[in-house]
Amino acid sequence: MSHDEDHIASTKEKLVRMANQIATFFHSKPREEGITGVAEHINKFWEPRMRRQFFELLDGDPEDFDDLVIAASAKIKRPLTTEQADKSLGYTRPAEAEGAGPHK
């Protein structure tokens, strides 16, 4: 594995571990309160990039996530993709701009 691949793998592992640690805390609460607590914590403290990666992991293979995290995911704000965020701001990448071709 390259350094970049190692970093990506370790980032994914950290996100799973952090989400599961949050769930561990909230397991001491009644289930609905725990679900809400996990979602509120992630919505409040995780930046959109982290939440985007979280949903990529969850959508791909949720088995590493605690059941409370999976249940809370319906209440976690799903961020826009990078492309959607750019377009909502009116930004178009130069290669995507109408009539744009390679510069000579």
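In this text the structure is predicted, and so the values were computed from the model without any measurement. (Residues numbered from 1 in each chain as written. Predicted model: local features only at pLDDT ≥ 70, side-chain atom pairs only at ≥ 80, totals over all residues. Heavy atoms only, no water.)

## Regarding the environment of arginine 52
Let me state the cut-off plainly: Helical segments are the DSSP runs of H or I of at least four residues, strand segments are the runs of E of at least two, and each set is numbered from the N terminus. Under the scheme applied here, a residue whose accessible area is under 20% of the maximum for its type counts as buried, over 50% as exposed, and between as partly exposed, the area being computed with a 1.4 Å probe on protein chains only.
Inspection of the secondary structure assignment puts arginine 52 in helix α3 (residues 48-60). Residue arginine 52 is classed as partly exposed on the basis of its relative accessible area of 22%. Taking C-alpha positions, arginine 52 is 7.7 Å from leucine 80, a pair spaced 28 residues apart along the chain.

## Overview of α3
We count it as follows: Expected span of a helix: the number of residues minus one, times 1.5 Å. Regarding the arc, it is the one traced by the directions from the helix axis to the C-beta atoms.
Between its first and last C-alpha, α3 extends 18 Å over 13 residues, near the 18 Å set by a 1.5 Å rise per residue. For α3, the full list of buried residues reads Arg51, Phe54, Phe55, Leu57 and Leu58. Each buried residue of α3 lies within a common arc of 160° when the element is viewed along its axis, so the set occupies one face. Seen from the buried face of α3, the exposed residues on the opposite side, beyond 90 degrees, are Arg49, Glu56, Asp59 and Gly60.

## Description of the environment of lysine 12
Within the secondary structure layout, lysine 12 lies in helix α1 (residues 3-26). Here lysine 12 falls in the partly exposed class, since its relative accessible area comes to 41%. Spatially, the C-alpha atoms of lysine 12 and glutamine 53 are 7.6 Å apart, while their sequence positions differ by 41 residues.

## With respect to the environment of tryptophan 46
Keep this limit in mind: In what follows, residue pairs with any heavy atoms lying within 4.5 Å of each other are defined as contacts.
Looking at the element boundaries, tryptophan 46 is found in the loop between α2 (31-45) and α3. Taking the C-alpha atoms as reference points, tryptophan 46 and leucine 15, separated by 31 residues in sequence, lie 9.9 Å from one another. The contact partners of tryptophan 46, leaving out residues within four places of it in the chain, are Leu15, Met18, Ala19, Ile22, His41, Arg51 and Phe54.

## Some remarks on the nonpolar core
The test is simple: Within this scheme, the nonpolar core is defined by two criteria: the residues are buried Ala, Val, Leu, Ile, Met, Phe, Trp, Tyr or Cys, and they are joined through side-chain atoms within 4.5 Å.
Counting 20 residues, the largest nonpolar core has Val38, Trp46, Phe54 and Phe65 as its most contacted members. The biggest single contributor to this core is α1, with 6 residues.

## Looking at the confidence of the model for the protein
Low-confidence regions, as indicated by low pLDDT, have predicted coordinates that should not be scrutinised in detail. Quick reminder of the rule: pLDDT measures the predictor's confidence residue by residue and takes values from 0 up to 100.
For the protein, per-residue confidence averages 83 on the pLDDT scale, and 70% of positions sit at 70 or higher. Segment residues 100-104 is flagged for pLDDT under 50; beyond a separation of four residues in sequence, or across chains, it makes 2 contacts in the model.

## Concerning the packing of aromatic side chains
Our working definition: Any Phe, Tyr or Trp ring, taking Trp's six-membered ring, that has another such ring centre within 6.5 Å forms a pair; planes under 30 degrees apart are called stacked, those over 60 apart edge-to-face, and the others tilted.
Overall, the coordinates contain 4 aromatic pairs when judged by the stated rule. Both rings, one in phenylalanine 25 and one in phenylalanine 26, keep their centres 4.9 Å apart while their planes meet at 90°; by these two values the pair is edge-to-face. Looking at phenylalanine 25, the relative accessible area reads 51%, which means it is exposed. Measuring from centroid to centroid gives 5.4 Å for phenylalanine 54 and phenylalanine 65, while their planes differ by 80°, and the two rings are edge-to-face. Here phenylalanine 65 lies in the loop between α3 and α4 (67-72) and phenylalanine 54 lies in helix α3, a separation of 11 residues in the sequence. Phenylalanine 65 carries the same exposure label as phenylalanine 54, and that label is buried. Taken together through their ring pairs, the aromatic side chains of Trp46, Phe54, Phe55 and Phe65 make up a single cluster.

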